[in-house]
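Here is how the chains run, residue by residue.
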Amino acid sequence: MTLREEDGNVSVLPRQFPTNRGGLCQKGWTSAELLTHPDRLTTPLVRDPASGELRPASWDAALDRIATGLRDIQQRHGRDAVAVFGGGGLTNEKAYALGKFARVTLGTRHIDYNGRFCMSSAAAAGMRAFGVDRGLPFPLSDLGQADTLLLVGANPAETMPPLVRWLTEQRQRGGKLIVVDPRATATARQADLHLQPLPGTDLAVANALLHIALTEGYVDGEYVTTRTTGFTDVRRTVAGWWPARAEALSGVPVADLEATARALGTAERAIILTARGAEQHAKGVDTVTAFVNLALALGLPGRPGSGYGCLTGQGNGQGGREHGQKADQLPGYRKIDDPVARAHVAQVWGVPADELPGPGVPAYQLLDSLGTADGPRALLVFGSNPVVSAPRAARIESRLRDLELLVVADFLLSETAALADVVLPTAQWAEEDGTMTNLEGRVLRRRALRPPPAGVRTDLTILTNLSTLLKGRAPSYRLVHRKGPLLTPDADGPEADPQAVFAELRRASAGGIADYAGISWERIDAADGVFWPCPRDDGPDSPRLFADGFATPDGRARFHPVEHRPAAEQVCAQYPLHFTTGRVLAQYQSGTQTRRVAALRQAAPDAFVELHPDLADRLGVADGEPVRVLSRRGEFQAPARLSPAIRPDTVFAPFHWGGAARANSVTNDAVDPVSGMPEFKICAVRVERAECSGVDR
Ligand SMILES: Nc1nc2c(c(=O)[nH]1)N[C@H]1C(S)=C(S)[C@@H](COP(=O)(O)OP(=O)(O)OC[C@H]3O[C@@H](n4cnc5c(=O)[nH]c(N)nc54)[C@H](O)[C@@H]3O)O[C@H]1N2
Ligand SMILES: Nc1nc2c(c(=O)[nH]1)N[C@H]1C(S)=C(S)[C@@H](COP(=O)(O)OP(=O)(O)OC[C@H]3O[C@@H](n4cnc5c(=O)[nH]c(N)nc54)[C@H](O)[C@@H]3O)O[C@H]1N2
Ligand SMILES: [Mo]
C-alpha cells in the first residue's frame, strides 16, 4: 500500500504489487485511523505505588524505573529472572534488535514471541521435512496456476482477502479448489469440494488421502526414490488408514476423500496449503507433516506451479520467525545451541560466544512460569496482547499480575498494557522505516511517512535507550536525527537508525538458513522485494526453492511417519461439544487496534458464538440470545449466532475480544510437544443460555 498525507491526515491507497495486485482488505484501508486516534498513547505511564494507578511520567523517569527494576531483579534472582516477549508484527529490524537485547544486554535465555501461537507447527514440520521453513517456497502467483489447490484449515476470504484473487484466477482457469474446514466459511463456499471434518482430525484425513494415492497409483515413484528418504515407514503407517476408518473419525465421506486424492493425484500442477485450522493443535507438527508427506509422495515440492506451503499470518509472520526472537534461535534462522552459529553471531555482536545464553522455553511455557518460584520476575512485552490471545488466558493474566515488573511497549493501552507497571508509548507502522518479510520469503520495505507524535519513541529507540542505561555505555545502534522533508527530529530527540540495524542483521544472518547478506534496502527498492536466501550483493535471490534439492545435508526431503492421536481434551457428558476458534474479516487478532476503529466496530461489533440451528434448538437458544460457553478452565459469554454452516457437534467463536467475551478463557493450554504451539482449535465445552432477567431457563 502507499500512503497519502493531506493536512495532517493520512489515508491508505492500494498500490500495484505482485502479491496483492492493488488489493487491500478493510483493515488495511482503515489502519490510518489509529495514527491519530484519541486513545493513542503519547506519554509513558508508570504505576503509582500509593494509588496503584498508571500515571503519566517522563521518559527519563519511566526508563529509570525499568532499568532500576531489571537490575535489582537480576541481582537478586539471576539473569534469567527477566524475560522478553516479542511479536510477529514487528519489523525484521525490531525482531533482530529484540533478540540481541535479550541475549546481550539482559543476558537472559528467556525470550519468545506470539509467533509461537501462530506458525510454529508448520515451521517445525517444514524444517524437519525440507531443512528450511519458508511459508511458501514459491511466489504466491503460483496459486493462480494450480490445477488443484487444497486449503486445509484456512479461511483466506476473511483472513487474507488480497489472496482471494489468486483463488479466483485459479478457478477461472478451470482449476479445482478443495477446502477442509469444520465450517462452511466464505472460502469453503467458493470451493468445488468442501470437506467438513471434526476439528482435530486432519491428520487422519491426510493419512487416508495418501492411502488412496497409494492404492490408486498416484504416488510419484521416481521422485520418491531420487529426491526423498523415509517413505517406507510412511507407507507402512498410512496402510492402516483405509478411507472408511478416516471417515468414521472425521465424518468426511469416503467418496469425498477419494475425489480429493484423485484431484490431487491426477493434476498437472497441485498445491497443498495449511493454515491455523490444521496447525493450532497439540499434534499440529504431525498434522502438517502428514500433508507434507502427501505432497512429497505426489512429487509436488520443487515442481513448477506445485508444492506445499503454509499461509503465514501476521504482518511480519515470516521475518518475525527468522531473526532470533524465538527461544531456541539466533539470527539467520540459526539454532542457539549450535556452537558454529553461536561463534558466528557472537563475533558479529562483539561478545564472547560462551557469554550467550542457551535456549529458553516456548511462549506458553514462558508465560505460565511468570512470577512463580522458578520463573522470571520481570517481563518486557513488545507487540503482543497475551491477556486476550494466550490460551487459558485467565491463568496467564494472573501470572502477569504476579510479576514484580511488567513493562509493555504499545501505542494503545491493550488489556496487557493495562496490567503493566510501566507502559512505553511506541511508534506505529507509518511512523518508522524498516523491512518485513512476507509469506513468500520476499523482503519488503516499510516506509515512514511521518515522524511519531511528540512524546512517542520507536521500539528500536526504546531498546537502544534501555541498553545504554543498563550497560552504562554507548548504544549498540547509533542514534541519528531523522532526515527528509517529513521526518524532522521529534521533540524527544534522536532515534535509533533502522538501516544500521538492518546492516548488522545482514552480517549476523550471513551463512544461515535465512541468509539476508546480499539484501540491502536499495536492492529491495529497486526490485519490489528480494527473496531470501540471498547471500551475495551481486548474486541472485531465491523466488523458488527446491528445484534442484532440499536444504537438508543430502539434498533430499525427509518423510516422517505420523499417527493420528485424539485431541488433548475429549468431550464428555459434562462438556459434550467441540469448541474451535478463529477470526472474522473485520477484526484483527486481540482486537486492540480494530476494536477502536469505528467502521470495523460497526462491521463486527461483538463477539459471538456460532451454533448449528439443530444444536441451538436442543439447547433452547435463539439467534442473538446471550449464551455462556464453559470449559474446565473457565467461561465466556456472547450472543449466539445460528448458522447451518457449522457442524452440529462443534461450536465456534472468534478470539478478538477480551473481558467477559474472551474466547481464550475456555481454550486448552495443551501444546504440541515439538513446536510448543497451543491447541487453540479444539477443546471440550458446554453451552448454556446465559441467565438474564425475565427469561425462563
Ligand atoms: N480478518 C483477520 N485477518 C487476519 C487475522 C485476523 O485476526 N483477522 N490474523 C492474521 C493472522 S496472525 C493469522 S495467523 C491468519 C490466520 O488465518 P486462518 O488460518 O485462515 O484463520 P483462522 O480463522 O484462525 O482459522 C482458519 C479456519 O480454520 C478452521 N478450523 C478450526 N478448527 C479446525 C480444524 O481442526 N481443522 C481444520 N481443517 N480447520 C479448522 C476455522 O473454522 C477457520 O475457518 O490470519 C491473518 N489475517
Ligand atoms: N483462541 C485463539 N487464540 C489465538 C489464535 C486463535 O486462532 N484462536 N491465534 C493466535 C495467533 S495465530 C496469533 S498471531 C496471536 C495474536 O495475538 P497477539 O499476540 O496478542 O497479537 P496482536 O493482537 O496483534 O497484539 C499486538 C499488540 O501489540 C501492539 N503492537 C502492534 N504493532 C506493534 C509494534 O510494532 N510495536 C509494539 N511495541 N507494539 C505493537 C498492538 O497495539 C497490540 O496491542 O493470537 C493467538 N491466539
Ligand atoms: Mo497468527
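Residues numbered from 1 in each chain as written. Chains lettered and ligands numbered in written order. Predicted model: local features only at pLDDT ≥ 70, side-chain atom pairs only at ≥ 80, totals over all residues. Heavy atoms only, no water.

A. Quick look at the sheet that holds strand 5 (residues 82–86). Read from one edge of the open sheet, seven strands run 4-3-17-16-15-5-6, paired in mixed fashion. Among the strands making up the open sheet, the edge pair consists of strand 4 (54–56) and strand 6 (111–113). Here the average twist between neighbouring strands, direction ignored, is 20°. Sheet analysis places strand 5 next to strand 15 (residues 378–382), joined by four bridges and oriented parallel. Within strand 15, the position partnered with Val-82 by the bridge is Ala-378. Across the face of the sheet, helix 18 (residues 459–471) comes into contact with strand 15, strand 16 (405–410) and strand 17 (422–425) while running at roughly 150° to strand 15. (Pairing = 2+ DSSP bridges. Helix = DSSP H or I, 4+ residues; strand = E, 2+ residues; numbered from the N terminus. Axes fitted to C-alpha atoms, helices over the stretch in contact; angles between N-to-C directions. Contact = heavy atoms within 4.5 Å.)

B. A look at the site of ligand 1. Taken together, 32 residues lie around ligand 1, and Thr-159, Asp-181, Arg-583, Gln-587 and Gln-589 are the ones closest in. Measuring from an oxygen atom of ligand 1, one finds a backbone N or O atom of Gly-200 at 2.9 Å. One of the backbone N or O atoms of Gln-589 is found 2.7 Å from an oxygen atom in ligand 1. Considered on its own, ligand 1 offers 910 Å² of accessible surface; in the complex 99% of this is hidden by protein. Among the elements of the structure, helix 5 (156–159), helix 12 (276–279) and strand 24 (577–582) are those that each provide at least two residues to the shell around ligand 1. A class-by-class count of the residues in the shell around ligand 1 yields 10 nonpolar, 14 polar and eight charged. When residues of the shell around ligand 1 are assigned to domains, at least three map to each of domain 3 (120–310) and domain 4 (577–689). (Near = heavy atom within 4 Å. Polar contact = N/O pair within 3.5 Å; in protein donor to acceptor, adjacent residues only side chain to side chain. Areas by Shrake-Rupley, 256 points an atom, 1.4 Å probe, with all protein chains shown as cover. Nonpolar A, V, L, I, M, F, W, Y, C, P; charged D, E, K, R; others polar. Domains from an automatic or database assignment.)

C. Here's a closer look at the domain arrangement of the protein. For the protein, the domain assignment lists domain 1 (1–36), domain 2 (39–59 + 66–117 + 317–531), domain 3 (120–310) and domain 4 (577–689). Of the residues lining the interface, 12 residues belong to domain 2; the matching set on domain 3 comes to 13 residues. For the pair domain 2 and domain 3, the summed buried area comes to about 1100 Å², and 53% of that belongs to carbon and sulfur atoms. Taken as a group, Leu-439, Glu-440 and Ile-513 account for 44% of the area that domain 2 buries against domain 3, more than any other trio of residues on that side. (Buried area = accessible area lost by both parts, 1.4 Å probe.)

D. Representation of the layout of surface pockets in the model. There is about 560 Å³ of room inside the second largest pocket. Along its surface, the second largest pocket is lined by 31 residues, and Met-127, Lys-326, Asp-328, Tyr-333 and Lys-335 are the ones closest to its centre. Those elements giving two or more residues to the lining of the second largest pocket turn out to be helix 4 (120–130), strand 14 (334–335), helix 14 (339–349) and helix 15 (363–369). Counting residues per element, the lining of the second largest pocket draws most heavily on helix 4, at five residues. Along the lines of polarity and charge, the residues of the lining of the second largest pocket split into 15 nonpolar, eight polar and eight charged. (1 Å grid on protein atoms, 1.4 Å probe; cavity = no way out; pocket = protein on both sides within 12 Å on 5 of 7 lines; lining within 4 Å. Points joined across faces, edges and corners; volume = space filled by probe spheres on them.)

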